[in-house]
Structure formats: C-alpha cells, structure tokens
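# Working through the structure, step by step
Residue-level listing of the chains:
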Amino acid sequence: MAILVYVETTNGKIKGSSLELLTAAKKTNKPFSSISIGASASDLESLNAFGVKKHIEYKDEKLSKYNPEMFSQVLTEAIKDTGSEIILGSSSSLTKDLFPTVAAKISSGFVSDGTQLNWDGNRFSVKKPMYAGKCFCTVEFSKSLPQMILMRPNQMPVEPSEKVNTEVVTKNLSINDFKTKVIEIVKGASEKLDLTEANIIVSGGRGMQAAENFKLLEELAKTLGATVGASRAVTDAGWVSHSMQVGQTGKTVAPTLYIACGISGAVQHLAGMSDSKVIVAINKDPEAPIFKKATYGIVGDALEIVPLLNEEFKKILNS
Amino acid sequence: MSIFVCIKQVPDTETKIKINSDKSGIDTSTIKWVLNPYDEYAVEEALLKKDAIGADKVIAITLGPARSVDALRTALAMGADEAIHIQTDKDVDSLTASKAISKAIEKFGPAKCVFTGKLSIDSNNSSFGPQLAAQLHIPHTSVVSKYEVKGETVVVEREIEAGKKEIVEMPLSSLSTANKGLNTPRFVSLPGIMKAKKKPVHILSFEELGVENTKSSEYKNFELPPEKPEVRILSSDGAVKELVQLLRNESKVI
Ligand SMILES: Cc1cc2nc3c(=O)[nH]c(=O)nc-3n(C[C@H](O)[C@H](O)[C@H](O)COP(=O)(O)OP(=O)(O)OC[C@H]3O[C@@H](n4cnc5c(N)ncnc54)[C@H](O)[C@@H]3O)c2cc1C
Ligand SMILES: Nc1ncnc2c1ncn2[C@@H]1O[C@H](COP(=O)(O)O)[C@@H](O)[C@H]1O
C-alpha cells in the first residue's frame, strides 16, 4: 500500500500545505515517497527533515509552467513506477486540475477539498464539506481502486520526523508533443500569498463605502502579513479584482483568522469562509448575519475601527 | 457538429440543508433545485460562441434523477437546441459520470467542443471537467474566464493563484470549465420557456450506453458542522484594544 505525496514548492521551499501531507503520510507507518514536477531543484532539507526516503523529481524548463497534458502524463508514469495506490496532494489551482485528470487516466477514486484524513491501517477515508460547507460527510473509497486525495491547506499538523537521507531519483521528460500551450502568464493586481493559502485574511464588503477605502484594509493586511479579500458586492462593483472574491462563486478559504469589515454575511459569502478558525466581524448593524458566524464582533464604523485596529496590532507586533 | 454543455442540478444556495435520519445523505424533500451557477456561464458561452465556433447545435447534457430535467429545461430556455438526459436514481461518482457522459457525447457527436462548469456547488469537487476531457481524449483548460475562438484554435484565460492568469492556447476541439467572469448569463425569458417545451430531450440509460455504474467512492456519515459558540460582542469603548488582546491571548492566532 505505497503512498505518493505530490509536493509543491514556492521560492525553493516546500509549501506548508505539502508538509502537512508528508506528516500525515509518515504517520501511517507505510512506505511513502514524494514527487515534485517543475523547473526548480527539490528542497532537500525539508525532504530530509520530514522523513522522505525516496523523492522523484521531474525537473525541466518545460515544466516551469503547468500544462495538463504534460503533468498528467508524468504523474501517471510516477504512480505506475512507484506502484503507489494512495496519492496525496494539497488543493491548489494546479492540483485541482491535475489530480482529476490523472484519476480518470488510472481509473482511481478521487476526492477534493478534504478537511480531515482518517487512516484505517490500510487506506484513508476523508472528511469533506458538502453543499458549500452547510454539512460534512466522510468519503470511503472502493477497496479495489487506487485513491487520489486533495486536502485543503491549513487543516493538519506539520511535524518533522527523525531525519533521513533522501534518495532523489531524477527523471527525464520523455514526451514532447502537446496540444495545449501556456503562451503567457499575466500578473495579478497583488503579488501576495493567494487567498486560499493565506493564514490571515482581511476582507472588505460594501460597508467599506468606496474603492479607495480598501487602502485601509491593505495597510492592516501589511501589518498582519495577511491577504486582502472581498465580498461579491465589491468585486461586482469593480472596486477590487474578481480574484479577491471570497464565497460560493469566489474562493473558499479557511484561514486561522478572518477579519470581515463591512460585510453583511450573506449565505453565499459565508459558504466561502465559515470554516475559518477565528472570525472577527466589524459591522455597524448589530443584526448583520455575519455576527452569527463570528467569534468576536465589534459594532461600529469600519472606516474608523480598521485604522485603530492597525495601530493596536502594530504596537503589540513590534514589541 | 455540436457544442456539448454539461450541466448539473444542485440545491439552491439559500436552501437549508437537513441531514437524513440514517446520515446517508441530505433530506431532499424540501429542497429547491437550480441549475448549478457555474453551468450558467458554460451554457451562455456556448450560445454566445456558437457561430464563431461553427457549430450548428448546442446540446445540454446531464446525468441525474428524473427531476434534473428541469435543469435541462432551463438550458433549453436560455437557447440550447437539444438536451440529453442520462437518467438514474442512484448516486453516481464523477469518474463514472464522466464515462457515461463521454459515451453519450460520442453517440450524439462528434463534438466541436465541450463546456462544463468549474465546480458544482453541491459536491465542491471540481473534478468532472478534467475527467471528461480525459475520457474523450481531448485537451482541456479549467477555470476559464475568457474564451476566444481563432479559427481551429482557442485562446483562453485561466485564473491561477493570487490573481495571476495563464493565457492558454489549445485546439478548438477541447474542453473548458467555466468560471465566473466568463460572461453574464442571460435571464430566461417567457418566450424562451415556451420554445423550450418543444425542444427534444433525449433520454438515455446506463445500459443503453454500455456503462456500468460502479462506485469508486461512497459518501457516508453526513453531519452538520459543529455549532459555533455565541459571538462575543465587544463594546465600543476600548473594543479595539480588547480585540487585539483576545486574538493574542485567548485564541492565540497572532
Ligand atoms: C448565485 C449567487 C452567488 C453569489 N456568490 C457570492 C460570493 O461568492 N461571495 C459573496 O460575497 N457574495 C456572493 N453573492 C452575493 C451575496 O448574496 C451578497 O449580495 C453579497 O455577499 C453582499 O456583499 P456585502 O456584504 O459586501 O454587501 P451588503 O450585503 O450590502 O452588506 C454591507 C454591510 O456593510 C455594513 N456597513 C455599511 N456601512 C458600514 C460601515 N461604515 N462600517 C461597518 N459596516 C458597514 C452594513 O451594515 C451591511 O451589513 C452571490 C449571490 C448569488 C445570487
Ligand atoms: N451529473 C452530472 N451531469 C452533467 N454534468 C455534470 C455532472 N456532474 C458534474 N457535471 C459538470 O461538471 C462540473 C463540475 O462538477 P464537479 O466536478 O462535481 O464539481 C459541473 O459544473 C457540471 O458542468
């Protein structure tokens, strides 16, 4: 019952969300290996620290940009080579495309958006939200098939194990002819951590009154190392980019801290953020539905409170 | 040749979800069903680009129980020409659904191109589109917010992390999963609804398609999320200071 963990790297370091998976794989006491596909060198230090004995590395300039055809061929090959029956990944724009593609190619069970992994000695079952977070269920896989699982980031502990020497197997691309081509990557408005990976989110709604007041949220986010999000009312009004929208038709996020400023808390907004660990709501209407989901609330004018909050955070974070 | 658009019927987001007494699923008796919001973008794009793509028909296709014909009717009322309904009362996982739908597309095809939604808001899987493309052996791009036809190729925009976008070129004969921002879906008009009543809906079964409904996974043990404790409202005097202290010392998140 070999396990293969798909690891993603940013700035030369394995992402925290991938380290969660390595921790979970290690805890099963079953053989596991990891795989990285891309243009950069593997982060050997982390692989050592998390007890990865074997790492498969596909490293090629051509893999610097995601291409479903290329990546799915490579991952399928690696699953066969390692005889892996359980393949773990962390939800990202890349894996959400790659995993189902490969699942169809190898006829495996697939689940995404997992929030909890349960090991039964042989296989995982996965807890996941359904109906936009209004309930949860447990997914069990048919015994005869491989299982491919995508977990939401920030759900599981990151615990290094005893250090090992990682054997890195470098593979070459054997395929060259592809129908899809990424011709360009266009930069977004913000170069910050993506909402779905952010640990802290400062989010604004129509109650921020005007586009320029989002500056207040940017400043608060800077102090906290947070990413700025928004409600649909705001993205539809063109105050901020669509990529910043949280909710049912935007991003689903589960940070440790979500600060909602001038957001009423419509079901479609809650669908995207109600799994956040701690929710702070700042709203001038004490009856706003957001307060039903919030951990802490302040009833008042966000335009006054946000700058005060920023000053107060600065004080304690700099001391 | 036709454009195929895959659509799914899902509970309206405003609907309250109740769990069955045996926890095997949700109580569907009181649910209001709607066309999955992302599938509206998919249908709209097919209709908008029908001429540019050079297709003579837009065919909406769904797999689901008898009630899901209403979702097909919505697509027909928006302007789709025909519909295919693979009827089953059983739960079908997306792997099997993609096999069955690929068979139906082959039967009514060949497809000029295929659209699906980015994700269905009931399962939150976002898996069906790429899986269907793999079954059909055609290239795909997911999470598409712009779709431009250039002869026999298309140039699409795919949203990735942190607001970045990939500009992808692929053959027209491919699959795209529709994201918000792709277009503004039209409202269904009364004449549209009247016309839809006369449009053909082809009904198919798993047997006719030669696909076995094997389960690769089972969804069990449905439960409501844990109740949130009552919110702590901080009074305005000194509220900000108190909040920062609570975040640091009580919930330890900063
Ligand atoms: C199919 C569908 C999908 C949708 N998807 C999404 C989605 O993904 N994400 C999303 O967010 N929405 C979504 N919506 C829209 C959603 O229903 C709401 O309309 C939207 O979330 C409202 O945004 P808001 O809270 O910013 O604005 P409003 O509802 O207008 O709320 C503004 C709030 O600000 C407060 N306020 C006003 N002034 C101040 C002030 N000075 N200080 C503090 N508070 C103040 C008000 O009391 C109010 O509570 C969707 C809707 C539909 C139908
Ligand atoms: N049973 C189904 N019938 C037709 N299309 C489907 C079905 N399930 C999913 N889809 C399509 O696949 C998209 C993504 O669904 P999912 O993978 O379930 O998140 C949806 O937006 C639909 O376009």
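As a reminder, the structure under discussion sits directly above these lines.
In this report, we go over the structure that sits alongside the text. (Residues numbered from 1 in each chain as written. Chains lettered and ligands numbered in written order. Predicted model: local features only at pLDDT ≥ 70, side-chain atom pairs only at ≥ 80, totals over all residues. Heavy atoms only, no water.)

## A look at the nonpolar core
Put simply, the rule is: Nonpolar cores are built from buried Ala, Val, Leu, Ile, Met, Phe, Trp, Tyr and Cys residues. Side-chain atoms within 4.5 Å join them into one set. Only protein chains enter the accessibility calculation, which uses a 1.4 Å probe. A residue is then buried if its area is under 20% of the maximum for its type, exposed if over 50%, and partly exposed in between. The helix count covers DSSP runs of H or I at least four residues long, the strand count covers runs of E at least two residues long, and both are numbered beginning at the N terminus. It only takes one pair of heavy atoms within 4.5 Å for two residues to be counted as in contact.
B:Ile3, B:Val5, B:Ile7, B:Ile53, B:Phe115 and B:Tyr147 are the most contacted members of the largest nonpolar core, which has 38 residues in total. Only strand 1 (2–6), helix 1 (37–53), strand 4 (57–64), helix 2 (69–78), strand 6 (111–117), strand 7 (140–150), strand 8 (153–159) and strand 9 (165–171) of chain B provide two or more residues apiece to this core. Among the elements that make up this core, the one with the highest residue count is helix 1 of chain B (seven residues). Not counting chain neighbours up to four residues away, the residues in contact with B:Tyr147 comprise B:Glu45, B:Lys49, B:Ile53, B:Cys113, B:Phe115, B:Val154, B:Val155, B:Val156, B:Leu172, B:Ser176 and B:Leu182. Counting 36 residues, the second largest nonpolar core, distinct from the first, contains A:Ile200, A:Ala230, A:Val278 and A:Phe313.

## Points about the side chain of B:Thr15
The residue B:Thr15 is located in the loop between strand 2 (9–11) and strand 3 (33–35) in this model. Excluding residues within four positions of it along the chain, B:Thr15 makes contact with A:Lys134, B:Thr30, B:Ile31 and B:Lys32.

## Structural notes on the sheet that holds strand 8 (residues 116–119) of chain A
What counts here: When DSSP locates at least two bridges between a pair of strands, those strands are taken to pair. Here an angle of 0 to 180 degrees is reported between the N-to-C directions of two axes, which are lines fitted to C-alpha atoms, with helices fitted over the stretch in contact.
Read from one edge of the open sheet, four strands run 8(A)-9(A)-10(A)-12(B), paired in antiparallel fashion. Across the chains shown, the open sheet's two edge strands, defined by having one partner strand only, are strand 8 of chain A together with strand 12 (217–223) of chain B. Across this sheet, the average inter-strand angle for adjacent strands is 30 degrees, counted without regard to direction. Here strand 8 of chain A pairs with strand 9 (residues 124–130) of chain A via four bridges, running antiparallel. Its bridge partner being in strand 9 of chain A, A:Trp119 is matched across the sheet by A:Phe124.

## Things to note about the packing of helix 3 (residues 94–108) of chain B against helix 4 (residues 128–136) of chain B
All names here are of chain B. For clarity, the threshold we go by: For classification purposes, angles smaller than 35 degrees are called roughly parallel, those larger than 145 roughly antiparallel, those between 65 and 115 roughly perpendicular, and all remaining angles oblique. By definition, any crossing whose near helix is turned counterclockwise from its far helix by less than a right angle is left-handed, and any crossing with a clockwise turn is right-handed. Charged means Asp, Glu, Lys or Arg here, nonpolar means Ala, Val, Leu, Ile, Met, Phe, Trp, Tyr, Cys or Pro, and polar covers whatever is left, Gly included.
Relative to each other, helix 3 and helix 4 sit at 50 degrees, their axes nearing to 9 Å. One element, helix 3, and the other, helix 4, form an angle in the oblique class. For helix 3 against helix 4, the interelement crossing comes out right-handed. Judged by residue contacts, Ser-94, Leu-95, Ala-97, Ser-98, Lys-99, Ile-101, Ser-102, Ile-105 and Glu-106 of helix 3 engage Phe-128, Gln-131, Leu-132, Gln-135 and Leu-136 from helix 4. Residue composition of the contact of helix 3 with helix 4, by class: seven nonpolar, five polar and two charged.

## Some points on the packing of aromatic side chains
Inclusion rule: For Phe, Tyr and Trp, where Trp contributes only its six-membered ring, two rings pair if their centres lie within 6.5 Å, and the inter-plane angle classes them as stacked under 30 degrees, edge-to-face over 60, or tilted in between. We call a charge positioned above a ring when the Lys NZ or Arg CZ atom is no farther than 6 Å from the ring centre and deviates by at most 35 degrees from the ring normal.
Here the structure, examined in full by the defined rule, presents six aromatic pairs over all chains. The cationic tip of A:Lys127 hangs over the ring face of A:Phe136; the distance from NZ or CZ to the ring centre is 5.4 Å. Over the face of the ring belonging to B:Trp33 we find B:Arg67, whose NZ or CZ atom lies 3.5 Å from the ring centre.

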